[in-house]
Amino acid sequence: MTGVLITHNHENHVHGLKTLRKIYSPVVYAADYEVAGNQTVVLHGDGAITVAGLQVQYLSIPGHSSDSMVYKIGNVFFTGDTIQSGIIGDTNSQYSHRLLCSNIQTKILSQNDEFVLMPGHGPPSTIGAEKKFNLDVSTESREQTATEE
C-alpha cells in the first residue's frame, strides 16, 4: 500500500497530489481534512502509524500553519516548512513564532544530533547543525544575543 504524508495544507504545496492520485491510489495522511476530503486519514497530535511497511512517527508542530506536521522515519525527519537549513518557517504573528520555536526545541532539537532533517525547501540538514547555526532556535545564538543586549 502506498501513502502520501502531507506536512501542511498550503494551496501551492498540494497541487501534485491530484497528479499522484491519477497514477497511484495512495492513502493520504494529513492533519487537515481539506487536503483530500474523505480520502484523508486525519492525524491529531503526536503518534505513530505504519505506511508502506514503514514505522512513521508523526509530530504536530503548529506555528508555520495550524496543521503543520513533521514525520520521522528511522533517523530522518521530513519537516516540510517547519524548519529548513538555517531558518524556521514563516509565521503570521509573534505568538505563532514563539509557539513554532518552542515546538521545534521540544520535539525536534531534543533528538539525536546526527538525525537528518529533510525540509520542503533547500538542502538537508542535521539536528546538530540546526542547534548550532539556526538563528531562531540555536542555543548559541540566543546566548550571544542576550550578552549583546
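Analysis parameters
- Residues numbered from 1 in each chain as written.
- Predicted model: local features only at pLDDT ≥ 70, side-chain atom pairs only at ≥ 80, totals over all residues.
- Heavy atoms only, no water.
- Helix = DSSP H or I, 4+ residues; strand = E, 2+ residues; numbered from the N terminus.
- Buried < 20%, exposed > 50% of the residue type's maximum accessible area, 1.4 Å probe, protein only.
- Contact = heavy atoms within 4.5 Å.
- Core = buried A, V, L, I, M, F, W, Y, C linked by side-chain atoms within 4.5 Å.
- pLDDT = per-residue confidence, 0-100.
- Pairing = 2+ DSSP bridges.
- Axes fitted to C-alpha atoms, helices over the stretch in contact; angles between N-to-C directions.
- Salt bridge = Lys/Arg side-chain N within 4 Å of Asp/Glu carboxyl O.

## Some points on the overall build of the protein
- For the protein, the helix and strand inventory stands at four helices and eleven strands.
- The burial tally for the protein puts 41% of its 149 residues in the buried class.
- Of all intrachain contacts in the protein linking residues separated by at least 6 positions in sequence, the fraction that spans at least 24 positions is 46%.

## Section: the nonpolar core
- Among the nonpolar cores identified, the biggest contains 15 residues, and Ile104 and Ile108 are the most heavily contacted of them.
- Sequence-distant contacts of Ile108, defined by excluding residues within four places in its chain, comprise Ile61, Val70, Ile83, Asn103, Leu117 and Ile127.

## Looking at the confidence of the model for the protein
- With 87% of its residues at a pLDDT of 70 or more, the protein has an overall mean of 85.
- Low pLDDT, under 50, characterises residues 140-147; the stretch is placed with six contacts to residues that sit more than four places away or in other chains.

## Quick look at the sheet that holds strand 3 (residues 40-42)
- Taken in spatial order, the three strands of this open sheet run 1-2-3, and their pairing is parallel. Pairing within the sheet leaves two strands with one partner each, and these edge strands are strand 1 (3-5) and strand 3. Pairs of neighbouring strands in the sheet enclose a mean axial angle of 25°, with direction left out of account.
- Relative to strand 3, strand 2 (residues 27-30) runs parallel, the two being bridged by three bridges. In the sheet register, Tyr29 faces strand 3, and the bridge partner there is Val41.

## Comments concerning the pattern of salt bridges
- Scanning the model with the defined rule gives two salt bridges in all.
- A salt bridge links Lys107 to Asp46; the nearest nitrogen and oxygen atoms lie 3.1 Å apart. Placement of the pair is Lys107 in helix 2 (residues 94-107) and Asp46 in the loop between strand 3 and strand 4 (47-51), with a sequence separation of 61 residues.
- The partner of Lys131 in a salt bridge is Asp113, and the shortest N-O contact between them spans 2.6 Å. One end of the pair, Lys131, is in helix 3 (residues 127-133); the other, Asp113, is in the loop between helix 2 and strand 10 (116-119), with 18 residues separating them in the sequence.

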